[in-house]
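Examination of the molecular architecture
Okay, here's what each chain looks like letter by letter:
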Amino acid sequence: MQGRELRGELDAFLAETEQDLVAFRRDLHMHPELAFAEYRTTQRIAERLLAVGLVPTVLPRGTGLICDVGSGDGPIVALRADIDALPLQDEKELPYRSTVAGSCHACGHDVHTSILLGTSLFLAQQAAAGLLPGRVRLIFQPAEELPGGALEVMAHGGISGVERIFGLHCDPRVDVGQVGLKSGPITSACDKLVIRVSGPGGHTARPHLTADLVFALAKILTELPAALSRRIDPRSSLSLVWGKVQAGTAANAIPDEGVAEGTVRCLDEEAWHAAPDLIKALLESVAGAYGVEATMDYTRGVPPVVNDELSVAMMGEAAARALGAGAVVGTQQSLGGEDFAWYLESIPGGFARLGTRSPETGITYDIHQGTFDIDERAIGMGVRLMATTALTALFEGGHLPSAADEITSALA
């Protein structure tokens, strides 16, 4: 596989299809669908794959699909895009703003989907010309935001026989044309915590005759995060942050119940496994001191995404070939969660951060906000990256090119 030759083929392909992919992204942006409800999105993807002779298989729930490009006994590599939206109101005033009240693509999954579709169409051309030395499995995954879509894919054989898997995510802090790469952990574990506190209730004039539930709940809210910071190795960056608190209905009545909800995030897998038991013990200690009963519902989310060194090297080599020598930039591990992690617990792979910020404006949109948008040139950049990554992995297998070796050392 010659880098210059492939780059020319991708340039020619995108000259014909890039605007169509932008239009596809805008259509998805206007019609967002939440986790496990992505029926229209799945249909739109399937129609485009069928039109070029591919045979997609829709997952049993009717949302998300898997499709192989190529044939034969060669290696299989997988490319994944998530397709679900978020339950947020679109706050942009643009022609392609969401038409669905309370739902929008505020995390870039419409972009990921359009990139994988474009990659699929290009790889289908390569396969038809007999230029694929193996198969590429396309995974259009539902319900990343739930999370759980990755487990659904895996339960139905989505990574069976796959040697390694690759994915990407929009990064609005990185300029379009650049790719953020990192070996090892690149995201954190993310769990959900719900604490319910109960007591006898009473009048605010007589707190000494009952359990002051609101005061006790406030102590739980402040003391649990503080205690965790002293009981867990600080290098694990275990973080408990509350997002919802509710108790009482009147200013002069001590309520008999209250609830707090938050997230637990952690960079270290060992600390992640230890967190539930430790939080439960601390909760019981604080609640007992104030005479209230406290129960905890701890919902496991996702482990950290831990990038395989060789896979990151392949993505770095691909980025250099497809986007230029200066395209690869380092990136830090974030406290965000991503269910791509489940794939990497079973097979090696790499997860990249794709620059979506326009260098001309310098505006940095944050994800999970109703104002989120991208420089749409990122779609073509993503196609170049993912197509070249797939071909690099197929042609080079377990061989680490010298240039990629240097990239990996720099990003460790």
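Please read all numbers here as calculations on a predicted model, not as lab measurements.

**So, the packing of aromatic side chains**
Summed over the entire model, instances satisfying the criterion amount to four aromatic pairs. Seen from their ring centres, F13 and F122 are 5.4 Å apart, and the 65° between their planes marks the pair as edge-to-face. Linking F13 in helix 1 (residues 3-30) with F122 in helix 3 (residues 109-128), this pair joins segments that are 109 residues apart in sequence. The class for F122 is buried, based on a relative accessible area of 1%. Measuring from ring centre to ring centre gives 5.6 Å for F340 and Y343, while their planes differ by 70°; the resulting arrangement is edge-to-face. Among the residues examined, Y343 registers a relative accessible area of 0% and is labelled buried. By way of ring pairs, the aromatic residues F340, Y343 and F351 are connected into one cluster. Over the aromatic face of F36 sits the side chain of R61, whose NZ or CZ is 3.8 Å from the ring centroid.

**Quick word on the state of the cysteines**
In this structure the tally under the stated criterion is zero disulfides. Residue C190 stays outside any disulfide, its sulfur separated by 11 Å from that of C266, the closest cysteine.

**Points about the sheet that holds strand 6 (residues 179-181)**
Working definition: the strands of a sheet are paired by backbone hydrogen bonds and lie parallel or antiparallel to each other. What the eight strands build is an open sheet, ordered 1-2-4-3-5-16-6-15; its pairing is mixed. Single-partner strands in this sheet number two, and they are strand 1 (57-58) and strand 15 (328-330). Examined bridge by bridge, strand 3 (residues 76-82) and strand 4 (residues 135-141) share seven bridges and lie parallel to one another. Bridged to R80 within strand 4 is I139. Where helix 9 (residues 377-396) meets the sheet, its contacts fall on strand 3, strand 4, strand 5 (164-175), strand 6 and strand 16 (349-357), and the angle it forms with strand 5 comes to roughly 150°.

**A short note on the pattern of salt bridges**
This structure, assessed with the given rule, holds 28 salt bridges. Taking the shortest distance from any N to any O, the salt bridge between D110 and R25 comes out at 2.9 Å. One end of the pair, D110, is in helix 3; the other, R25, is in helix 1, and 85 residues separate them in sequence. Residue R25 is joined to D373 by a salt bridge in which the shortest nitrogen-to-oxygen separation is 3.0 Å. In this pair, R25 sits in helix 1 while D373 sits in the loop between strand 16 and helix 9, placing the two residues 348 residues apart along the sequence. When sorted by exposure, R25 lands in the same class as D373, which is buried. Through salt bridges with shared partners, a single network forms among R25, R26, D110, D373 and E376.

**Describing helix 7 (residues 309-323)**
Since the α-helix advances by 3.6 residues per turn, residues separated by three or four positions end up pointing in the same direction. Taking 1.5 Å as the rise per residue, helix 7 with 15 residues should run 21 Å; its terminal C-alpha atoms sit 20 Å apart, in good agreement. In terms of burial, helix 7 is a largely internal element, 13 of the 15 residues being buried. Positive phi shows up at G324, right after helix 7, with a value of about 115°.

**Quick word on the nonpolar core**
If you look at the biggest cluster of nonpolar residues, it comprises 63 residues, and the most contacted ones within it are L49, L123 and L138. Top contributing element to this core by residue count: helix 9, with ten residues. For L49, the contacting residues outside a window of four places in its chain are L54, P56, L65, C67, L117, S120, L138 and F140. Among the nonpolar cores identified, the runner-up in size contains 32 residues, and L221, L238, I279 and L282 belong to it.

**Section: the confidence of the model for the chain**
Residues at a pLDDT of 70 or more form 95% of the chain, whose mean pLDDT is 93. Low pLDDT (under 50) marks residues 400-404, which in the prediction has eight contacts with non-local residues, meaning those over four places away or in another chain.

**Considering helix 5 (residues 213-231)**
Between its first and last C-alpha atoms helix 5 spans 26 Å; for 19 residues at 1.5 Å apiece the expected length is 27 Å, and the two agree. Buried residues of helix 5: L213, A216, L217, I220, L221, L224 and L228, and no others. Packing partners of the buried residues in helix 5 comprise strand 8 (189-198), strand 10 (239-247), strand 11 (253-254), strand 12 (257-266) and helix 6 (269-289).

Cut-offs and rules
Residues numbered from 1 in each chain as written. Predicted model: local features only at pLDDT ≥ 70, side-chain atom pairs only at ≥ 80, totals over all residues. Heavy atoms only, no water. Phe/Tyr/Trp six-rings, centres within 6.5 Å; stacked < 30°, edge-to-face > 60°. Helix = DSSP H or I, 4+ residues; strand = E, 2+ residues; numbered from the N terminus. Buried < 20%, exposed > 50% of the residue type's maximum accessible area, 1.4 Å probe, protein only. Lys NZ or Arg CZ within 6 Å of the ring centre and 35° of its normal. Disulfide = S-S within 2.5 Å. Pairing = 2+ DSSP bridges. Contact = heavy atoms within 4.5 Å. Axes fitted to C-alpha atoms, helices over the stretch in contact; angles between N-to-C directions. Salt bridge = Lys/Arg side-chain N within 4 Å of Asp/Glu carboxyl O. Expected span 1.5 Å × (residues − 1). Core = buried A, V, L, I, M, F, W, Y, C linked by side-chain atoms within 4.5 Å. pLDDT = per-residue confidence, 0-100.

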